[in-house]
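Chain by chain, the residues:
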Amino acid sequence: RGGLHNYTVQESQNAAFGQAGSLLTNDTSNDIDAPTGSTWVALQIVDDVTFTTLTQEGLRWFGSADGATELDSNADTTSGITFPAGITIYGRWSKFRLASGTVIAYLG
C-alpha cells in the first residue's frame, strides 16, 4: 500500500470501528504479528504499556518542524516510553511485543 488515500470514506469508517479485526492482548512472551496482507493500524492502550518491540510496516517519511527525513530502518523507537492507559496510537506496524500492559490492536 502506498500513500494516504488507500481507502474509500466508507472503508475508513469501517476500519475505525474495528471491522477489519482486532485483538485484545497482554501477552509479553511473544511477538504479535499482523496476519499476512494486514498491518496493525491502531493500538488502544487499556493498561499502561511499554513495548519490547514495535516494528513499523516499512520505511516511511517522518516529519518534524525542521523538515522530513526518510527513516533508515524499521526498528523500534519506543525504548523507555510508557504509553498511558486511555490513549490510542496510530500507525502501520507489522508486529509488536509488549513488555508490560494491555492493548487492543486493530487491523487495517
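None of these values were measured; they are calculated from a predicted model.

With respect to the overall build of the protein chain
Consideration 1: Counting its secondary structure elements, the protein chain contains one helix and six strands.
Consideration 2: For the protein chain, the N- to C-terminal ordering of α and β elements is α-β-β-β-β-β-β.
Consideration 3: In the protein chain, which comprises 108 residues, the share counted as buried stands at 27%.
Consideration 4: Restricting to contacts in the protein chain with at least 6 residues of sequence separation, those with at least 24 account for 81%.
Consideration 5: Accessible area for the protein chain stands at about 6800 Å²; split by element, carbon and sulfur atoms hold 51% of it.

A closer look at the environment of D47
Consideration 1: With respect to the helices, strands and loops of the structure, D47 is situated in strand β3 (residues 40–56).
Consideration 2: On the basis of relative accessibility, which here comes to 42%, the residue D47 falls in the partly exposed class.
Consideration 3: Here the alpha-carbon distance between D47 and V103, two residues 56 residues apart in the chain, equals 7.1 Å.
Consideration 4: Beyond its immediate stretch of four places on either side in the chain, D47 contacts A85, G101 and T102.
Consideration 5: Here T102 takes part through its side chain, which lies 3.2 Å from a polar atom of the side chain of D47.

Examining the side chain of T102
Consideration 1: Within the secondary structure, T102 is located in strand β6 (residues 88–107).
Consideration 2: With a relative accessible area of 12%, T102 lands in the buried category.
Consideration 3: Residues contacting T102, with those up to four places away along its chain left out, are L24, T25, N26, Q44, I45, V46, D47, D48 and V49.

Side note on the nonpolar core
Consideration 1: Judged by nonpolar contacts, the single largest core of 16 residues is most densely connected at W40, L43, F51, L54, I89 and F96.
Consideration 2: By residue number, the principal contributor to this core is β6, which donates seven residues.

Examining the environment of T52
Consideration 1: Structurally, T52 is set in strand β3.
Consideration 2: A relative accessible area of 43% places T52 in the partly exposed class.
Consideration 3: As a C-alpha pair, T52 and G80 span 28 residues in sequence and 9.3 Å in three-dimensional space.

Quick notes on the pattern of salt bridges
Consideration 1: Tallied over the full model, the rule gives two salt bridges.
Consideration 2: With a shortest N-O distance of 3.6 Å, K95 and D31 are connected by a salt bridge. Remark: D31 occurs in the loop between β1 (22–25) and β2 (32–33) and K95 occurs in strand β6; sequence separation between them is 64 residues.
Consideration 3: The class for K95 is partly exposed, based on a relative accessible area of 27%.
Consideration 4: A salt bridge links D31 to R97; its shortest N-O distance comes to 3.1 Å. A residue pair is termed long-range when its members are at least 10 positions apart, and D31 in the loop between β1 and β2 and R97 in strand β6 qualify at 66 residues.
Consideration 5: The exposure class of R97 is partly exposed, given its relative accessible area of 26%.
Consideration 6: A single salt-bridge network, built from bridges that share partners, covers D31, K95 and R97.

About the cut-offs
Residues numbered from 1 in each chain as written. Predicted model: local features only at pLDDT ≥ 70, side-chain atom pairs only at ≥ 80, totals over all residues. Heavy atoms only, no water. Helix = DSSP H or I, 4+ residues; strand = E, 2+ residues; numbered from the N terminus. Buried < 20%, exposed > 50% of the residue type's maximum accessible area, 1.4 Å probe, protein only. Contact = heavy atoms within 4.5 Å. Areas by Shrake-Rupley, 256 points an atom, 1.4 Å probe, with all protein chains shown as cover. Polar contact = N/O pair within 3.5 Å; in protein donor to acceptor, adjacent residues only side chain to side chain. Core = buried A, V, L, I, M, F, W, Y, C linked by side-chain atoms within 4.5 Å. Salt bridge = Lys/Arg side-chain N within 4 Å of Asp/Glu carboxyl O.

So yeah, pure geometry; function would need other evidence.
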